[in-house]
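What follows is each chain in one-letter form.
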Amino acid sequence: MNRETKRIVDEAMRDFRRTGGKQFRKRQFNALCDLLNDIFDHEPVCRGELEAIGRRHLTGYYQRHSQLKLTTLTARWRVLCVLFEKIGMNEPLHPQQALKKQLAEKKQQNSCFVIE
């Protein structure tokens, strides 16, 4: 993440980190920074700019981290929603929508149907 992006994220999330359960919020903020760094590392089109993050980039992130539980990805999505709201961007893609196909395949593998 470049300096300007880091400054924007710090500024936008300052109130978020300072209110409520501070330790939990700090962990969420660190998870948000890790999410953004992962997207910027793996998606060269973003060039370290928050405004460049879109549906395709978030889908790539969710697919790279599909080994995590859906609740973990959803918690990270909620923090990303807070950031996007503060900087005036539209709500990001929900992980359940992005991983719909993979979740359907897992559900199908777990079912024990016998077809005769």
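Structure: above.
None of these values were measured; they are calculated from a predicted model. Each residue is numbered by its place in its chain's sequence as written, counting from 1. Confidence filtering applies because this is a predicted model: local features only for residues at pLDDT of at least 70, side-chain atom pairs given and counted only at 80 or more, and all residues used for totals across whole chains, interfaces and linings. With hydrogens and water set aside, each side-chain value is computed from the structure's full complement of heavy atoms.

(A) Structural detail: the environment of Leu 58. Going along the chain from the N terminus, every DSSP run of H or I of four or more residues is numbered as a helix, and every run of E of two or more is numbered as a strand. Structurally, Leu 58 is set in helix H4 (residues 55-64). Three exposure classes are used, based on accessible area relative to the maximum for each residue type with a 1.4 Å probe and protein chains only: buried under 20%, partly exposed in between, and exposed over 50%. Assessed through its relative accessible area of 1%, Leu 58 is described here as buried.

(B) Representation of the pattern of salt bridges in the model. Any carboxyl oxygen of Asp or Glu within 4 Å of a side-chain nitrogen of Lys or Arg constitutes a salt bridge here. On inspection of all chains with the given rule, the structure shows six salt bridges. In this structure, Asp 10 and Lys 6 form a salt bridge, with 3.8 Å as the shortest nitrogen-oxygen distance. A residue pair is termed a helical-turn pair when its members lie 3 or 4 positions apart in one helix, as Asp 10 and Lys 6 do in helix H1 (residues 3-12) at four residues. Residues joined by salt bridges that share partners form a network here, namely Glu 4, Arg 7 and Glu 11.

(C) Structural view of the packing of aromatic side chains. Any Phe, Tyr or Trp ring, taking Trp's six-membered ring, that has another such ring centre within 6.5 Å forms a pair; planes under 30 degrees apart are called stacked, those over 60 apart edge-to-face, and the others tilted. Under the counting rule described, the total for this entry stands at one aromatic pair. With centroids separated by 5.9 Å and ring planes inclined at 65°, the aromatic side chains of Tyr 61 and Tyr 62 adopt a geometry described as edge-to-face. The same class applies to Tyr 61 as to Tyr 62, namely buried. To sit over a ring, a charge needs its Lys NZ or Arg CZ within 6 Å of the ring centre and within 35 degrees of the ring normal. A cation sits over an aromatic face here: Arg 17 above Phe 29, 4.3 Å from the ring centre.

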